[in-house]
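Okay, here's what each chain looks like letter by letter:
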Amino acid sequence: MGKTIAQKIFEAHMVEQPFPGTNVLKLDRVFCHEITTPIAINDLMERNKDRVFDPTKIKAVIDHVTPAKDSKCALQEKILREWADRNNIQDFFDIGANGVCHAIFPEKGFVRPGFTVIMGDSHTCTHGAFGAFAAGVGTTDLEVGILKGVCSFREPKAIKFILNGELKPGVYAKDVILYIIGQIGVNGATNCVTEFTGPVVDKMSMEERMTICNMAVEAGATSGICFPDMTTVDYLWPFIKDEFATKEDALKEYSKWIDDEDAEYEKVYTYDLSSLEPLCTVEYKPDQIRKISEMKGTKVNQVYIGSCTNGRISDLRIAAQILKGHKLAKGVRGIVSPATPLIYKIALDEGLISIFMDAGFCVTNPTCGACLGMSNGVLAEGEVCASTTNRNFNGRMGKGGMVHLMSPASAAATAITGTIANSELFKG
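Residues numbered from 1 in each chain as written. Predicted model: local features only at pLDDT ≥ 70, side-chain atom pairs only at ≥ 80, totals over all residues. Heavy atoms only, no water.

Peer 1: Where do I start with the overall build of the protein chain in this structure?
Peer 2: Regarding its fold elements, the protein chain presents 15 helices and 19 strands. By the compact-globule yardstick of 22 Å for 428 residues, the protein chain fits well, its C-alpha radius of gyration being 21 Å. Along the first, second and third principal axes, the C-alpha set of the protein chain runs to 60 × 50 × 40 Å. Scored against the burial criterion, the 428 residues of the protein chain give a buried share of 59%. Sequence separation of 24 or more characterises 74% of the internal contacts of the protein chain that already satisfy a separation of 6 or more. Within the structure as shown, the protein chain displays about 16800 Å² of accessible surface, and the carbon and sulfur contribution to it stands at 50%. A distance of 4 Å separates the average location of the 45 positive side-chain charges in the protein chain from that of its 52 negative side-chain charges. (Helix = DSSP H or I, 4+ residues; strand = E, 2+ residues; numbered from the N terminus. Rg over C-alpha atoms; globule rule 2.2 N^0.38 Å. Buried < 20%, exposed > 50% of the residue type's maximum accessible area, 1.4 Å probe, protein only. Contact = heavy atoms within 4.5 Å. Areas by Shrake-Rupley, 256 points an atom, 1.4 Å probe, with all protein chains shown as cover. Lys, Arg positive; Asp, Glu negative; His and termini not counted. Charge placed at Lys NZ, Arg CZ, Asp CG, Glu CD.)

See below:
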């Protein structure tokens, strides 16, 4: 019987199977940030185990509340900062050099096809876009990963999504993943690895693939994965060019992870996305989806463009294209947060920041802040936000607030009209 990509990665990283169906895997990367890691650090210190399995394989960043908004946040950052220094973790991104974890780590080339990656963050599945098995874990598993470089997982069940057709203008990767979640529900991929394949994915950039893998967890998936191809190689080439003579050699090596033709899946979904329209969420679950066209007249108080889902340079370019020459609607606040310092710099050099500011947007430093209602854009009770983030749970962006998830294009159009709108209205 053939193997899925997850099964191949598990087999290559297997340390032991202490119980039937339980796999202890060797880790290639352990990612850390200031929200979940300090708990693990403190526990390790209490146990006199303040050490790491390999400082070159641990990458850490301050990203959720940056700069610190209060003394409690500052303490969490201090714990992470001092731990990184004590354990000689060279890839630690402190204030000024820091960005949103699931944007800056790929940008630095830290993930490769076939890697195993964990982090104490549910959207770690983002890194599966590179053909890796990447999963969010709890504090205990994170602690073991830091100390021993291993993590245990159940046998990987896989669901395959074959995405056919060609996306219409105004439809983006965010619309694709919202559609999928709407089709299968928030529990539709629980404890499974989701594989995204087909012509639509083949045409996507790595940034777009990261968007769809990022939200795999919103359908309950452990990890979302795209198969490595030349697009993957091109993105990684600055970091792997000394490892391979040619890009073709790299592709040949990475292609070994692609699933076998006779691999077995729990389910296979095939969708033709040619007629897909721009979408957004309603209510408080990511599977509650409607067409943007059906939300006409829905007023918003705030528009947020950023996050590990849609804060990359391609997202800012799309939004700026819509916003150019326009102003925020009266009574609407606009916030844009480039996901990394490099993205911010490119946006400055390309004049995108000027477009956002001319439109009336507040441009913040890279941060996760507003996405989880901690800083830089928290909603008041009764307020509504059109957001490019990944969760619309009740209270997610602020107690009593409502979040409508959508693409950067739809968010930009909504900022101009003050009500949820289709971006195609603003294209010449």
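From this point, things continue past the structure.
Peer 1: How should I be thinking about the side chain of H64 in this particular structure?
Peer 2: By the element assignment, H64 lies in the loop between β4 (58–61) and α3 (71–86). By relative accessible area, H64 is classed as buried at 8%. Polar side-chain contacts of H64 include one of 2.7 Å to the side chain of D63. For H64, the residues in contact, after removing those within four places along its chain, are H33, E34, I35, D121, T367, C368, G369, L372 and S375. (Polar contact = N/O pair within 3.5 Å; in protein donor to acceptor, adjacent residues only side chain to side chain.)

Peer 1: Hey, could you run me through helix α8 (residues 206–214) in this one?
Peer 2: Every α-helix carries 3.6 residues per turn, so stepping three or four residues along brings you back to the same face. Most of α8 sits out of view: 8 of its 9 residues are buried. Residues of α8 that are buried: M206, E207, R209, M210, T211, I212, C213 and N214.

Peer 1: Can you walk me through the sheet that holds strand β7 (residues 133–136) in this structure?
Peer 2: Strands pair in a sheet through their backbones, by hydrogen bonds, and they do so in one of two ways: parallel or antiparallel. The strand order across the open sheet built from 5 strands is β5-β4-β3-β6-β7, with neighbouring strands paired in parallel fashion. A single partner strand is all that each edge strand has here, and the edge strands are β5 (92–93) and β7. Relative to β7, strand β6 (residues 116–119) runs parallel, the two sharing 4 bridges. Within β7, the position partnered with M119 by the bridge is G136. The sheet contacts of helix α5 (residues 139–148) involve β3 (29–33), β4 and β6, and relative to β3 the element is tilted by about 125 degrees. (Pairing = 2+ DSSP bridges. Axes fitted to C-alpha atoms, helices over the stretch in contact; angles between N-to-C directions.)

Peer 1: Can you walk me through the pattern of salt bridges in this structure?
Peer 2: Per the counting criterion, the structure on display carries 20 salt bridges. R209 is paired through a salt bridge with D229; the nearest N and O atoms lie 2.8 Å apart. One end of the pair, R209, is in helix α8; the other, D229, is in the loop between β11 (223–226) and α9 (230–240), with 20 residues separating them in the sequence. Both residues of the pair, R209 and D229, count as buried. Taking the shortest distance from any N to any O, the salt bridge between K345 and D349 comes out at 3.0 Å. With K345 and D349 both in helix α13 (residues 341–349) and 4 residues apart, the pair spans about one turn of that helix. The class for D349 is exposed, based on a relative accessible area of 59%. Linked through salt bridges whose partners overlap, the residues forming this network are D43, R47 and E143. (Salt bridge = Lys/Arg side-chain N within 4 Å of Asp/Glu carboxyl O.)

Peer 1: Teacher, can you tell me more about the pairing of strand β9 (residues 157–164) here?
Peer 2: Side chains on a regular strand alternate between the two faces of the sheet. By the bridge criterion, 6 bridges tie β9 to strand β10 (residues 192–197) in an arrangement that is parallel. When the sheet's bridge partners are listed, A158 is paired in β10 with V193. Between β9 and its parallel partner β10, the chain crosses via helix α6 (residues 173–184), and the hand of that crossover is right-handed. Bridge count for β9 against strand β12 (residues 267–272) is 6 bridges, and the pairing is parallel. The partner of K160 across the bridge, within β12, is V268. (Right-handed = clockwise from strand over helix to strand, strands pointing away.)

Peer 1: How do you make sense of unusual backbone geometry when you look at a structure like this?
Peer 2: A negative phi angle is the norm for most residues apart from glycine, just as the trans form is the norm for most peptide bonds. Cis geometry is adopted by the peptide bond preceding P67, which originates at T66 and carries an omega value of -10 degrees. With respect to the secondary-structure elements, P67 resides in the loop between β4 and α3. Phi at N48 takes a positive value of approximately 60 degrees, unusual for a residue other than glycine. Tracing the chain through its elements places N48 in the loop between α2 (37–46) and β4. The phi dihedral of N376 falls on the positive side, at around 55 degrees, and the residue is not glycine.

Peer 1: Looking at this structure, I do not really get the packing of aromatic side chains. What am I missing?
Peer 2: Each pair of aromatic rings is reported with the distance of its centres and the angle of its planes. The final tally for this structure, using the stated rule, is 15 aromatic pairs. On the numbers, 5.0 Å between centres and 85 degrees between planes, the contact of F133 with F153 is edge-to-face. Of this pair, F133 sits in strand β7 while F153 sits in strand β8 (residues 150–154), placing them 20 residues apart in sequence. Plain terms: the ring middles of F356 and F361 are 5.6 Å apart, the flat faces sit at 65 degrees to each other, and that makes the pair edge-to-face. The class of F356 is buried, set by a relative accessible area of 0%. Given the relative accessible area of 5%, F361 is considered buried. Taken together, the ring pairs in this structure connect F161, Y179, F196, Y269 and Y271 into an aromatic cluster. Above the ring of F110, the side-chain terminus of K59 is found at 4.5 Å from the ring centroid. (Phe/Tyr/Trp six-rings, centres within 6.5 Å; stacked < 30°, edge-to-face > 60°. Lys NZ or Arg CZ within 6 Å of the ring centre and 35° of its normal.)

Peer 1: Could you clarify how one ought to interpret the sheet that holds β10 in this entry?
Peer 2: As summarised here, the arrangement of the 4 strands in space is β11-β10-β9-β12, forming an open sheet in which the pairing is parallel. Where the open sheet ends on each side, the last strands, each with one partner, are β11 and β12. Strand-to-strand twist across the sheet, computed as the mean angle between neighbouring axes with direction ignored, equals 20 degrees. Taken together, the 4 bridges between β10 and β11 define a ladder with parallel strand orientation. The residue of β11 that forms the bridge with T194 is G224. On the sheet, α8 packs against β10 and β11 and is oriented at approximately 150 degrees with respect to β11.

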